[in-house]
Amino acid sequence: MKLTDISNDINEWFDGSGPMADIVISSRIRLARNLAGYKFLSRCSDKEKSEILDKLRDIMMSLDLGDKVFYVSVNDAPTLNKYFLVERHLISRHHAFGKGPRGVVIAEREFFTAMINEEDHLRIQVLKAGCQISQCAEQINRIDDMIEKKVDFAFSPRYGYLTACPTNVGTGIRVSVMLHLPALKITEQIEKFFNAAKDLNLAVRGLFGEGTEAASDLYQLSNQATLGVSESDIVSRFEKTIIPEIIEYENAARSHLLSKQSDVLDDKISRAMALLQNAHLISSQEALFLLSHLRLGINMHQHMGASTPAIERLRALCGSGDDPDKASPLSIATINRLFMLTLPAHLQINYGKPLDSTHRDALRAQIIRSALNQQDPRKS
Amino acid sequence: MRCQICNKNDATIHLTEIADGVRTEMHICEQCAVEQDIAVKSHIPINELLSNLLAVQPSDDELSGSSEQSLACPHCGFTLAQFRKEGVLGCPGDYEVFEKTLLSLIEKAHDGKTAHCGKIPLKTPRDAKKQMELLNLRQQLDAAVQSEDYELAAKLRDKIKQSEKEQH
């Protein structure tokens with residue numbers, strides 16, 4: 001399995017399917033674990049790191065996951081491949097640009113990854129499309145049990161699973177959901193969401209982690225406390241309280257847009273369509289914002305039956321389906337596909353060689369134009 | 001909303017200042033905030049949070065001479081000064097060695113909680129003493145290899161294997 005085998009398509013947890021996927025794009029749970037009897041990584045020599053890496057890689061490669069797995073040696077990977085893995089959320093930025101022997105085991109369908117020698121010896125994660133937090137929890141717990149049959153993790157009865165950073169100690173669990181909140185942004189209520197998250201001791205990050213909050217209408221929301229609260233309590237708090245509240249906020253903002261500010265809504269969608277169908281240079285950030293507005297329009301039609309002049313024009317657009325000769329209606333999967341495949345490292349891996357930013361912007365614009373103008377003879 | 005300074009980017013930072021009872025609001029973008037030297041941090045980096053918390057540690061311990069501040073972990077040689085710099089601990093044993101200092105940090109990071117609640121490993125976890133023994137054996141093995149004492153290294157390796165075997 002090579003990275004180019006997966007770079008042409010989106011992963012299954014980003015295809016727009018799954019419960020409540022119009023707002024909750026994906027769910028993710030990761031567990032932080034360290035081997036008993038070893039120092040944490042900051043005190044390990046490269047030799048010790050290699051020993052840990054070999055031991056954990058062998059175990060991860062032999063897990064019965066119902067899918068094939070492959071291994072990427074992160075320390076040997078070219079920079080572009082590292083960025084690619086970060087863009088696909090298969091490894092963290094910290095792992096990509098860390099030091100010493102380290103790697104990642106990835107399930108071919110990309111629902112599972114195990115980062116070895118990131119901040120902790122082992123960080124496993126399970127990802128699913130839409131709001132499927134308890135399903136993620138169930139699966140990762142099963143995988144964790146399988147691993148525990150083969151190794152001992154550092155654990156203390158008082159502090160639980162011991163992690164390199166005390167902020168992860170206890171369950172070592174991080175529940176995280178990727179949210180699409182364009183209406184809260186357009187109606188200038190996104191600050192309310194930030195403040196509510198803060199009050200609930202939740203962290204909000206942008207699509208690509210800390211500091212990227214302003215990069216698009218996509219946000220990652222995750223728990224911060226990991227000690228003194230059980231895995232199931234954290235999961236049920238997300239599913240029963242946090243997610244329903246956010247969905248209600250975003251839906252209220254969408255209804256408000258439709259009933260009170262339909263000109264604003266139509267303006268956003270029309271501008272996005274006009275630029276994406278015609279522009280010849282588009283930056284990654286601009287693409288994320290504009291595609292976000294198309295996504296909003298399609299979802300408002302599918303979930304609320306919204307029909308404004310701009311939404312109707314949007315519905316008349318066609319996206320590329322499975323058969324390149326036969327265009328299908330523009331779908332959320334197509335938009336998500338464009339979100340991912342036009343990210344800088346994806347563009348370059350699929351192009352086959354590094355490109356400077358102007359060439360990337362041109363290629364990005366071309367890919368989007370051709371996807372959106374699929375069946376419009378005037379523009380193809 | 002457009003940034004009030006450059007009038008180009010979206011305003012993502014909203015400042016409210018109340019001076020002499022007069023309230024002024026400012027809406028600017030991140031780029032202008034940086035240029036204007038307005039500190040914007042949506043999240044305090046963990047290292048900074050840790051050093052802030054550790055900096056305000058009560059100095060009773062230091063006065064009594066039993067300070068964790070000047071202590072080095074017997075298992076990994078780690079000190080609190082290194083923790084302050086790096087933001088991560090040296091080995092699982094540090095949770096015990098630096099317990100007094102870490103406790104208030106742990107409390108702050110976890111909504112006031114200080115004890116684990118949740119999953120427990122399927123197998124009875126190796127007790128802390130056994131975990132530390134193994135850690136120390138590995139430390140000794142490292143030193144033996146460094147000093148090219150291969151006879152001792154071989155013995156230590158056997159001991160480690162034996163200790164690991166007992167658990168499986």
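As the structure is a computational prediction, the values presented were derived from the model and not from experiment.

## Observations regarding the interface of chain B and chain A
Move 1: Counting residues at the interface gives 49 residues for chain B and 55 residues for chain A.
Move 2: Buried surface at the junction of chain B and chain A, both sides included, amounts to about 4500 Å², of which 54% is carbon and sulfur.
Move 3: The largest per-residue losses of area from chain B upon contact with chain A belong to Tyr95(B), His116(B) and Lys119(B), which jointly make up 17% of the total buried on that side.
Move 4: Linking chain B with chain A are four salt bridges.
Move 5: Glu99(B) is the partner of Arg158(A) in a salt bridge, and the nearest nitrogen-oxygen pair spans 3.3 Å.
Move 6: Those elements that provide at least two residues to the side of chain B that touches chain A are α4 (80-86), α6 (99-109), α7 (128-146) and α8 (150-167) of chain B.
Move 7: Here the residues of the side of chain B that touches chain A sort into 23 nonpolar, 15 polar and 11 charged.

## A word on the pairing of strand β1 (residues 24-33) of chain A
Residue and element names in this part refer to chain A.
Move 1: Most of β1 is tucked away: nine of the 10 residues are buried.
Move 2: Direction of pairing for β1 relative to strand β8 (residues 173-180): antiparallel, over a ladder of seven bridges. Each bridged residue has a counterpart across the sheet, and for serine 27 the counterpart in β8 is valine 177.

## Focus on helix α12 (residues 332-341) of chain A
Move 1: Burial of α12(A) is extensive: eight of the 10 residues sit out of reach of the surface.
Move 2: When we look at burial in α12(A), the residues that qualify are Ile332(A), Thr334(A), Ile335(A), Asn336(A), Leu338(A), Phe339(A), Met340(A) and Leu341(A).

## Describing the packing of helix α10 (residues 284-304) of chain A against helix α14 (residues 357-372) of chain A
All names here are of chain A.
Move 1: Where α10 contacts α14, the two axes come as close as 10 Å, and the packing angle between them is 20 degrees. Classified by the angle between their axes, α10 and α14 sit roughly parallel to one another. The hand of the α10/α14 crossing is right-handed. Contacts between α10 and α14 involve Ser284, Ala287 and Leu294 from the former and Asp361, Arg364, Ile368 and Leu372 from the latter.
Move 2: Taken together, the residues that form the contact of α10 with α14 break down as four nonpolar, one polar and two charged.

## Considerations on the sheet that holds β1(A)
Residue and element names in this part refer to chain A.
Move 1: Strand order in this open sheet of eight strands is β2-β3-β4-β5-β1-β8-β10-β9, and the pairing throughout is antiparallel. Every interior strand has two partners, whereas the edge strands, β2 (69-73) and β9 (202-206), have only one. Geometrically, the sheet is characterised by an average inter-axis angle of 20 degrees between neighbouring strands, direction not taken into account.
Move 2: In the sheet, β2 pairs with strand β3 (residues 103-107) via five bridges, with the strands oriented antiparallel. Of the residues in β3, the one forming a bridge with phenylalanine 70 is isoleucine 106.

## So, the domain arrangement of chain A
Residues and elements named next belong to chain A.
Move 1: In terms of domains, chain A is made up of domain 1 (3-253) and domain 2 (262-379).
Move 2: Taken over C-alpha atoms, the centre of domain 1 sits 28 Å from the centre of domain 2.
Move 3: Between domain 1 and domain 2, the residue contacts involve 31 residues of the former and 26 residues of the latter.
Move 4: Of the roughly 2500 Å² buried between domain 1 and domain 2, counting both surfaces, carbon and sulfur atoms make up 66%.
Move 5: For the domain 1 face of the interface with domain 2, the top three residues by lost area are Leu80, Glu87 and Ile186, together amounting to 23%.
Move 6: Run the count over domain 1 and domain 2 and you get one salt bridge.
Move 7: Between aspartate 9 and arginine 337 there is a salt bridge, with its nearest N and O atoms 2.7 Å apart.
Move 8: Counting every contact that joins domain 1 to domain 2 gives 12 residue pairs in polar contact (both at pLDDT 80 or more).
Move 9: The set of elements that each furnish at least two residues to the side of domain 1 that touches domain 2 consists of α3 (79-87), α6 (182-186) and α8 (231-260).

## Describing the confidence of the model for chain A
Residue and element names in this part refer to chain A.
Move 1: In the predicted model, chain A carries a mean pLDDT of 91, and 93% of its residues have values of at least 70.
Move 2: In the model of chain A, strand β11 (residues 318-320) stands out as the element of lowest mean pLDDT, 56, in contrast to strand β4 (residues 112-116), which has the highest, 98.
Move 3: Long-range and interchain partners of residues 320-324, a stretch whose pLDDT sits below 50, account for seven contacts in this model, where long-range means more than four residues apart.
Move 4: Overall, residues 376-380 carries pLDDT values under 50, and its contacts beyond four positions in sequence, including any with other chains, amount to four contacts.

## Describing the pattern of salt bridges
Move 1: Under the criterion given, the structure shown has 20 salt bridges over all chains.
Move 2: For the salt bridge of Asp144(A) with Lys119(B), the shortest nitrogen-to-oxygen distance reads 2.7 Å. With Asp144(A) in helix α5 (residues 133-148) and Lys119(B) in the loop between α6 and α7, this residue pair bridges two chains. Judged on exposure class, the residue Asp144(A) and its partner Lys119(B) are both buried.
Move 3: Of the charged contacts, one joins Asp217(A) and Lys185(A) as a salt bridge, the two residues approaching to 3.3 Å between their closest N and O atoms. Residue Asp217(A) is found in the loop between β9 and β10 (218-223), and its partner Lys185(A) is found in helix α6; the two are separated by 32 residues along the sequence.
Move 4: When salt bridges that share partners are traced, they join Arg33(A), Asp144(A), Asp145(A) and Lys119(B) into one network.

## Some thoughts on the nonpolar core
Move 1: Of all hydrophobic cores here, the largest spans 101 residues; its most connected members are Met60(A), Phe112(A), Ile124(A), Ile147(A), Phe193(A), Leu221(A) and Phe238(A).
Move 2: Taken together, domain 1 (3-253) and domain 2 (262-379) of chain A each give at least three residues to this core, which thus spans both.
Move 3: Dropping the residues within four chain positions of it, Phe238(A) is found in contact with Ile133(A), Val175(A), Val177(A), Leu202(A), Leu221(A), Ser222(A), Asn223(A), Ile243(A) and Pro244(A).
Move 4: Counting residues in each nonpolar core, the second largest holds 24 residues, with Cys165(A), Leu227(A), Val88(B) and Phe98(B) among its members.

Definitions and limits used
- Residues numbered from 1 in each chain as written.
- Chains lettered and ligands numbered in written order.
- Predicted model: local features only at pLDDT ≥ 70, side-chain atom pairs only at ≥ 80, totals over all residues.
- Heavy atoms only, no water.
- Contact = heavy atoms within 4.5 Å.
- Buried area = accessible area lost by both parts, 1.4 Å probe.
- Salt bridge = Lys/Arg side-chain N within 4 Å of Asp/Glu carboxyl O.
- Helix = DSSP H or I, 4+ residues; strand = E, 2+ residues; numbered from the N terminus.
- Nonpolar A, V, L, I, M, F, W, Y, C, P; charged D, E, K, R; others polar.
- Buried < 20%, exposed > 50% of the residue type's maximum accessible area, 1.4 Å probe, protein only.
- Pairing = 2+ DSSP bridges.
- Axes fitted to C-alpha atoms, helices over the stretch in contact; angles between N-to-C directions.
- Parallel < 35°, antiparallel > 145°, perpendicular 65-115°, else oblique.
- Left-handed = near helix turned anticlockwise from the far one by under 90°.
- Domains from an automatic or database assignment.
- Polar contact = N/O pair within 3.5 Å; in protein donor to acceptor, adjacent residues only side chain to side chain.
- pLDDT = per-residue confidence, 0-100.
- Core = buried A, V, L, I, M, F, W, Y, C linked by side-chain atoms within 4.5 Å.

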